[in-house]
Structure formats: structure tokens, C-alpha cells
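Tertiary structure, described
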Amino acid sequence: QQQVKQSPQSLIVQKGGISIINCAYENTAFDYFPWYQQFPGKGPALLIAIRPDVSEKKEGRFTISFNKSAKQFSLHIMDSQPGDSATYFCAASFETSGSRLTFGEGTQLTVNP
Amino acid sequence: NAGVTQTPKFRVLKTGQSMTLLCAQDMNHEYMYWYRQDPGMGLRLIHYSVGEGTTAKGEVPDGYNVSRLKKQNFLLGLESAAPSQTSVYFCASRGRVHTGELFFGEGSRLTVL
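What comes next is a walk through the structure. Bear in mind that the values here come from a model prediction, so they are computed numbers and not experimental data.

Residue and element names in this part refer to chain B. Applying the stated criterion to the full structure yields nine salt bridges over all chains. A salt bridge links Glu30 to Lys71; the shortest N-O distance between them is 2.9 Å. With Glu30 in the loop between strand E3 (19-25) and strand E4 (31-38) and Lys71 in the loop between strand E7 (64-67) and strand E8 (73-78), this pair connects stretches of sequence that are 41 residues apart. As far as burial versus exposure is concerned, Glu30 and Lys71 are alike and both buried. In this structure, Arg96 engages Glu30 in a salt bridge whose closest nitrogen and oxygen atoms are separated by 3.8 Å. Of this pair, Arg96 sits in the loop between strand E9 (87-94) and strand E10 (103-104) while Glu30 sits in the loop between E3 and E4, and the two are 66 residues apart along the sequence.

In C-alpha cells:
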């Protein structure tokens, strides 16, 4: 049972464009929503994260938008660059679960020059 | 500053063979995790540990065993490997804070023939 569903599976964007990746979750107990970025041959690394008490968080070109009522959150990458080409994973956790993260299926982003 | 180190990085096994993956972290983290990554399925939690001497099952624990005899090490064992266990395995660790960053190793690619 996939508790966090991510779309699209793959995404191709032109340099300078906006990349948008969406996630939906089922468990309303989730209270922490990070995004991880993974380059080929490497482990995932934390990119940005949000708690449900805010609707948006921005760090540089990366923004998380969070809609608690719809149980959805999304990653927006502004002015996408070829160096952003990677696999992106959304995730969710709640503290009483041992804080273990449940990951989405992943999105392979390609930014063409 | 090594972070999280996994050994071996690559391994080929025959069906029925056994092996152990070793994860070592030098950040004094309490929590450690083993995930497997398969195309289109994201990262799925196999087992995790919330402290030295403790282990717990994740989403997909069948066919795997783990041990956490020392705080810095988390071992993942396959007693009788099956082709379905062909995957990339990632170890991760983090501190006690619920929203703390998860630090991943670079992965161990296992092929079971």
C-alpha cells in the first residue's frame, strides 16, 4: 500500500522553465514532508522540507506548496537548470511511527539546455 | 567526514547464497535505516533501528535480517538470496530530532542470479 503517491514519473523541461512535481498522501497523521534529490550513483539528499502548519516554504529556486485539506503537496523548481536533472522523491513521516519516512515513487527530471 | 559508508558497493550472488551488507556512520546518530530502491517504486523501508541493540520491521522485511550491536553499525543480512532481492540498497541515519535530515550512503547494488 503506497501511502504517498507521486507524479509525474518523468518530466522534461527546458532550461529556464518551471518544473512541478506533485505528491498526495493518505495518512492524516503525517506531520513532516521533505523532498529528497538524488543524482545517478549517489544516495538521496535532503532538498527542502515543510511542516503542515505552513502553506508554502521557499529556499532559493525551490518552493514547496502544501494543501492540508486536499492532502497534497508539490515541489516547484523555478528557472530550472541542467544541473537540476536528477530524481526527486517526496516523503512523509509522523513522530509516533519512529519518524520513519515513507517515500513516493520518484520523478526523473531532465532539464534540456 | 565520511558520513554514512556502505560496503560492498557491488555484489553478484547466486540464488540461495547468503551475504551481509555493512553500514557504518560516524555522526553518532541514534536512528539507522535500510531501504531498497527499485525502478518506479521509490525507496521502501526494509528494517530500521532506533538505538543500539534495537531493530524493527519496515514495509518489506521478508527475507532480510538486521543487527545493531554497535551504535555506529547497522548490518543487513540475506540468508538465502532470491532474484526478487536484486535491487539497490541504501542505508541511512539521523539524529533524534523528528524533523532531522536523513543522511544516506551511496548505495549497494546487489544482483541475484
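Moving on from the model shown.
A separate point is the pairing of E7 of chain B. Residue and element names in this part refer to chain B. Burial along E7 is one-sided: Tyr64 and Val66 are buried, while Asn65 and Ser67, pointing the other way, are not. Of the pairings in the sheet, the one linking E7 to E8 comprises four bridges and is antiparallel in character. Residue pairing in the sheet places Ser67 in a bridge with Leu75 of E8. What sits between E7 and E8 in their antiparallel hairpin is a turn of five residues.

Right, let's talk about the layout of surface pockets for a bit. Size it by volume and the largest pocket reaches roughly 630 Å³. Surrounding the largest pocket, 28 residues form its lining, Gln38 and Gly41 of chain A together with Gln37, Val88 and Arg109 of chain B being those nearest its centre. Classifying every residue of the lining of the largest pocket gives nine nonpolar, 13 polar and six charged.

A separate point is the packing of aromatic side chains. Taken as a whole and judged by the stated rule, the model has 20 aromatic pairs over all chains. Look at Phe30 of chain A and Phe94 of chain A: their rings are 5.8 Å apart centre to centre, the planes differ by 50 degrees, and that puts the pair in the tilted class. Of this pair, Phe30 of chain A sits in the loop between strand E3 (19-25) and strand E4 (33-38) while Phe94 of chain A sits in the loop between strand E9 (86-92) and strand E10 (102-103), placing them 64 residues apart in sequence. Cluster of aromatic residues (ring-pair linked, three or more members): Tyr36, Phe89 and Phe103 of chain A together with Tyr33, Tyr35, Tyr48, Phe90 and Phe104 of chain B.

We now examine the interface of chain B and chain A. Taken together, the contact between chain B and chain A spans 20 residues of the former and 23 residues of the latter. In this structure, the salt-bridge partner of Lys42 of chain A is Glu106 of chain B, at a minimum N-O distance of 3.0 Å. Taken together, the connections running from chain B to chain A amount to six residue pairs in polar contact (both at pLDDT 80 or more). Contributions of two or more residues to the side of chain B that touches chain A are made by E4, strand E5 (42-49) and E9 of chain B. Broken down by class, the residue content of the side of chain B that touches chain A amounts to 10 nonpolar, seven polar and three charged.

So, on to the side chain of Ser74 of chain A. Among the structural elements, Ser74 of chain A can be located in strand E8 (residues 72-77). The contacts of Ser74 of chain A, once residues within four sequence positions are left out, are Ile21, Asn22, Trp35, Thr63, Ile64 and Ser65 of chain A.

A cis amide bond, omega -5 degrees, links Ser7 of chain A with the succeeding residue Pro8 of chain A. Secondary-structure assignment places Pro8 of chain A in the loop between strand E1 (4-7) and strand E2 (10-14). The omega angle of the peptide bond from Thr7 of chain B to Pro8 of chain B is -5 degrees, so this bond is cis rather than trans. A positive phi angle, near 55 degrees, is found at Lys71 of chain A, a position not held by glycine. Considering the arrangement of structural elements, one finds Lys71 of chain A in the loop between strand E7 (62-67) and E8. The class of Lys71 of chain A is partly exposed, set by a relative accessible area of 27%. Phi angles above zero are rare outside glycine, and Asn28 of chain B is one such case at about 60 degrees. Along the chain, the position of Asn28 of chain B falls in the loop between E3 and E4. The class for Asn28 of chain B is exposed, based on a relative accessible area of 56%.

The rules behind these values
- Along every chain, residues carry numbers that run from 1 in the direction the sequence is written.
- Whichever chain is written first becomes A and whichever ligand is written first becomes 1, with later ones labelled in order.
- Totals for whole chains, interfaces and linings use all residues, but because this is a predicted model, local features are given only for residues with pLDDT of at least 70 and pairs of side-chain atoms are given and counted only at 80 or more.
- Water and hydrogen atoms were dropped before computing side-chain values, which therefore reflect all heavy atoms in the structure.
- Salt bridges, as used here, are contacts in which a Lys or Arg side-chain nitrogen is within 4 Å of a carboxyl oxygen on Asp or Glu.
- Only runs of H or I of at least four residues qualify as helices and only runs of E of at least two qualify as strands under DSSP, and these elements are numbered from the N terminus.
- Burial classes follow relative accessibility: with a 1.4 Å probe on protein chains only, a residue under 20% of its type's maximum area counts as buried, one over 50% as exposed, and anything between as partly exposed.
- By this definition, two strands are paired if DSSP reports at least two bridges between them.
- Both site types are read off a 1 Å grid over the protein atoms alone. A 1.4 Å probe that fits but cannot get out defines a cavity, while an open set with protein on both sides within 12 Å along at least five of seven lines defines a pocket; lining residues have an atom within 4 Å of a point.
- Grid points are joined across faces, edges and corners, and a volume is the space filled by probe spheres set on the points.
- Note that Gly is not counted as nonpolar here; it falls among the polar residues with everything else outside the nonpolar set of Ala, Val, Leu, Ile, Met, Phe, Trp, Tyr, Cys and Pro and the charged set of Asp, Glu, Lys and Arg.
- The rule is short: rings of Phe, Tyr and Trp, with Trp giving its six-membered ring, pair when the centres are within 6.5 Å, and they are stacked under 30 degrees, edge-to-face over 60, tilted in between.
- Working rule for contacts: check all heavy atoms of both residues, and any pair within 4.5 Å makes them a contact.
- Throughout this description, a polar contact denotes any pair of N or O atoms lying within 3.5 Å of each other; where both atoms belong to protein, one of them has to be capable of donating a hydrogen while the other can accept it, and for residues adjacent in sequence the pair is counted only when both atoms sit in side chains.

Nothing here speaks to function; it is all geometry.
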